[in-house]
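Chain by chain, the residues run as shown.
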Amino acid sequence: MNRFTYARADDVAAAVRLAAAANGRFLAGGTNLVDLMKENVERPAAIVDIGRLPLRAIEPIDPREGGGLRLGALATNAETARHPLVTARYPVLASALLAGASPQLRNAATNGGNLNQRTRCYYFYDTATACNKREPGSGCGAIGGVTRIHAILGSSEACIATHPSDMCVALAVLDAKVRVTGAGGERVIPFAHYHRLPGDAPARDNTLEPGELVTAIDLPDEDFAAHHTYLKLRDRLSYAFALVSVAAVMRMDGGRIAEARIALGGVAHKPWRVPEAEAVLAGQAPSPERFAAAAERVLDGAVGRGGNDFKIELARRAIARALAQAAAGTPQSQTDKRVA
Amino acid sequence: LLAEGVAHTREEVREWMSGNLCRCGAYTNITDAILQVMADERSAR
């Protein structure tokens, strides 16, 4: 590990100022950043500890501001997953959180940190190999290498890494907004624009400007509680990242689907949503044929790299299954792992 | 695990133990022990 300076911020303004002055990295739960520093993947010169900032509340948003629920950036994944307003109004988020990591990690990991966690690509972690995300311009060790966990959608010749989060897949279908504060003040980023595709700049995971701090995640006042599921498929039934995961939510109206939303995890550099695929379901009665047609549309343009070819068919089937679970109102259990 | 009240069945106990180290050889017995304490506490009430 490299030497670094350490400073603790007492308020958001101080955190932003400290980070800007020293080109620092924010430290919250530390479940990802500390690992990366130990492996020499991240070598920040300065750490700004934001653990004591007052950003831990989970509270309703004033109806005059549109209502919904505000999740503090420093609320832990564990307290978010068990919060009564989350389990009652946004159960797909609680489910995705419980599908991720382990109880100990969820107790430490924060919501803001979950958004900003880095890929678990083996080549990103191995400093002996080329990686454009870790060392821009050095090449991609994954292309032509072992690609079991890599992207099938939206990748580039510079990077085929995936975003590892479960939480973010649920936030994508919920149309969350990310509140951030930087030297230039506060701004709000729609979730679809928060994470980015690698293109020719894979070092950037998201659209945050240097020094910007995530302060909260806003969930709109929408009701998908009756029809939702988070279906996660992985090499081990617990404590493993998704090979493919699906968040699906619906609103039903008299036996027909009024609105459906689908997001995929484990397949791209960001949670993957295809509005045209969701439109295939709007106004239709639920049926296996419709679900298969929507799944086909989501996988439009999918490309395997050898070791991950299986993900294309796996994702197709997982989407169809998740849509059936959501339509029936029988969400996937995160403890009984049998897929019904 | 017991104090938080999140685990009631064998599947739930196994899931909430996940991520602990040093359980590879003994975890079925640990699960049995947790379920036994849970049953004892229930019958003592």
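> Looking at this structure, I do not really get the overall build of chain A. What am I missing?
Scanning chain A from terminus to terminus reveals 12 helices and 11 strands. Scaling as 2.2 N^0.38, a compact globule of 340 residues should have a C-alpha radius of gyration of about 20 Å, and chain A matches this with 20 Å. Along the three orthogonal principal directions, the C-alpha set of chain A runs to about 60 × 50 × 35 Å. Sorting the 340 residues of chain A into buried and exposed places 51% on the buried side. Look at the contacts in chain A between residues 6 or more apart in sequence, and 64% of them connect residues 24 or more apart. As displayed, chain A offers around 14400 Å² of accessible surface, 52% of which is attributable to carbon and sulfur atoms.

> What am I meant to see in the overall build of chain B here?
Secondary structure assignment for chain B yields 2 helices and 0 strands. Looking at chain B residue by residue over its 45 residues, the buried ones come to 24%. A separation of at least 24 residues holds for 35% of the contacts in chain B among residues at least 6 apart in sequence. In the form shown here, chain B has an accessible surface area of approximately 3200 Å², with 53% of it arising from carbon and sulfur atoms.

> Explanation requested: the pattern of salt bridges in the structure shown.
Here the idea is simple: oppositely charged side chains can pair when their charged atoms come close. As enumerated under the stated definition, the model contains 29 salt bridges over all chains in all. In this structure, Arg118 of chain A engages Asp205 of chain A in a salt bridge whose closest nitrogen and oxygen atoms are separated by 2.5 Å. You can see Arg118 of chain A sitting in the loop between α7 (111-116) and α8 (122-125) and its partner Asp205 of chain A sitting in the loop between β7 (185-190) and β8 (213-219), a full 87 residues away along the chain. The class for Arg118 of chain A is buried, based on a relative accessible area of 11%. One salt bridge connects Arg10 of chain B with Asp32 of chain B, and the closest N-O pair in it is separated by 2.6 Å. With Arg10 of chain B in helix α1 (residues 10-17) and Asp32 of chain B in helix α2 (residues 27-44), the pair connects residues that are 22 residues apart, well separated along the chain. The class for Arg10 of chain B is partly exposed, based on a relative accessible area of 37%. Ionic contacts of the salt-bridge type, sharing partners, join the residues Asp175, Glu222, Arg251, Glu259, Arg261, Arg273 and Glu278 of chain A into one network.

> I'm lost on empty space enclosed by the protein in this one. Help?
A probe matching the size of a water molecule, rolled over the atoms, marks out where space remains unfilled. Residue and element names in this part refer to chain A. Per the stated rule, a full pass over the model turns up 2 cavities of 30 Å³ or more. Volume-wise, the largest cavity comes out at about 80 Å³. Lining the largest cavity are 17 residues, and of these Cys121, Cys131, Cys140, Cys159 and Ala161 sit closest to its centre. Partitioning the lining of the largest cavity into residue classes produces 11 nonpolar, 5 polar and 1 charged. Roughly 50 Å³ of internal volume is contained in the second largest cavity. As for the second largest cavity, its lining consists of Gln117, Arg118, Thr119, Lys133, Ala161, Thr162, His163, Asp205 and His269. When its residues are assigned to classes, the lining of the second largest cavity shows 1 nonpolar, 5 polar and 3 charged.

> When you look at the sheet that holds strand β3 (residues 46-49) of chain A in this model, what are you seeing that I'm missing?
Pairing between the strands of a sheet comes from backbone hydrogen bonds, and it takes one of two forms, parallel or antiparallel. Residue and element names in this part refer to chain A. On the basis of which strands lie adjacent, the open sheet formed by 3 strands has the order β1-β3-β2 and parallel pairing. Across the chains shown, the open sheet's two edge strands, defined by having one partner strand only, are β1 (5-8) and β2 (25-27). Adjacent strand axes in the sheet meet at a mean angle of 30° when their direction is disregarded. As paired strands, β2 and β3 are joined by 3 bridges and run parallel to one another. Residue pairing in the sheet places Leu27 in a bridge with Asp49 of β3.

> Please clarify how the pairing of β8 of chain A should be interpreted in this entry.
Look at any regular strand and the pattern is simple: side chains alternate between the two faces of the sheet. Residues and elements named next belong to chain A. Within β8, 7 of the 7 residues are buried, which leaves the element mostly enclosed by the surrounding structure. Inspection of the sheet shows strand β5 (residues 69-72) paired to β8 by 4 bridges, in the antiparallel sense. Each bridged residue has a counterpart across the sheet, and for Leu71 the counterpart in β8 is Ile217. Pairing geometry for strand β6 (residues 177-182) and β8, over 5 bridges, is antiparallel.

> I'm lost on the sheet that holds β6 of chain A in this one. Help?
All names here are of chain A. What the 5 strands build is an open sheet, ordered β4-β5-β8-β6-β7; its pairing is antiparallel. Edge strands, defined here as strands with exactly one partner in the open sheet, are β4 (58-60) and β7. Sheet twist, expressed as the mean angle between neighbouring strand axes with direction ignored, is 25°. The sheet contact formed by β6 and β7 spans 6 bridges and is antiparallel. Counted as the bridge partner of Val180 is Arg187 from β7. Of the strands in this sheet, β6 and β8 touch helix α1 (residues 12-22), which is tilted by about 130° from β8.

> Help me understand α1 of chain B, please; the structure alone is not making it clear to me.
Since the α-helix turns once every 3.6 residues, residues separated by three or four places project in the same direction. Restricting attention to buried positions, one finds in α1 of chain B the residues Glu12, Val13, Glu15, Trp16 and Met17 of chain B. The secondary structure elements touched by the buried residues of α1 of chain B are α5 (91-99) and α6 (103-108) of chain A together with α2 of chain B. Just downstream of α1 of chain B, Gly19 of chain B is the residue with a positive phi angle, here 100°.

Here is what the cut-offs are and how they apply
Residues numbered from 1 in each chain as written. Chains lettered and ligands numbered in written order. Predicted model: local features only at pLDDT ≥ 70, side-chain atom pairs only at ≥ 80, totals over all residues. Heavy atoms only, no water. Helix = DSSP H or I, 4+ residues; strand = E, 2+ residues; numbered from the N terminus. Rg over C-alpha atoms; globule rule 2.2 N^0.38 Å. Buried < 20%, exposed > 50% of the residue type's maximum accessible area, 1.4 Å probe, protein only. Contact = heavy atoms within 4.5 Å. Areas by Shrake-Rupley, 256 points an atom, 1.4 Å probe, with all protein chains shown as cover. Salt bridge = Lys/Arg side-chain N within 4 Å of Asp/Glu carboxyl O. 1 Å grid on protein atoms, 1.4 Å probe; cavity = no way out; pocket = protein on both sides within 12 Å on 5 of 7 lines; lining within 4 Å. Points joined across faces, edges and corners; volume = space filled by probe spheres on them. Nonpolar A, V, L, I, M, F, W, Y, C, P; charged D, E, K, R; others polar. Pairing = 2+ DSSP bridges. Axes fitted to C-alpha atoms, helices over the stretch in contact; angles between N-to-C directions.

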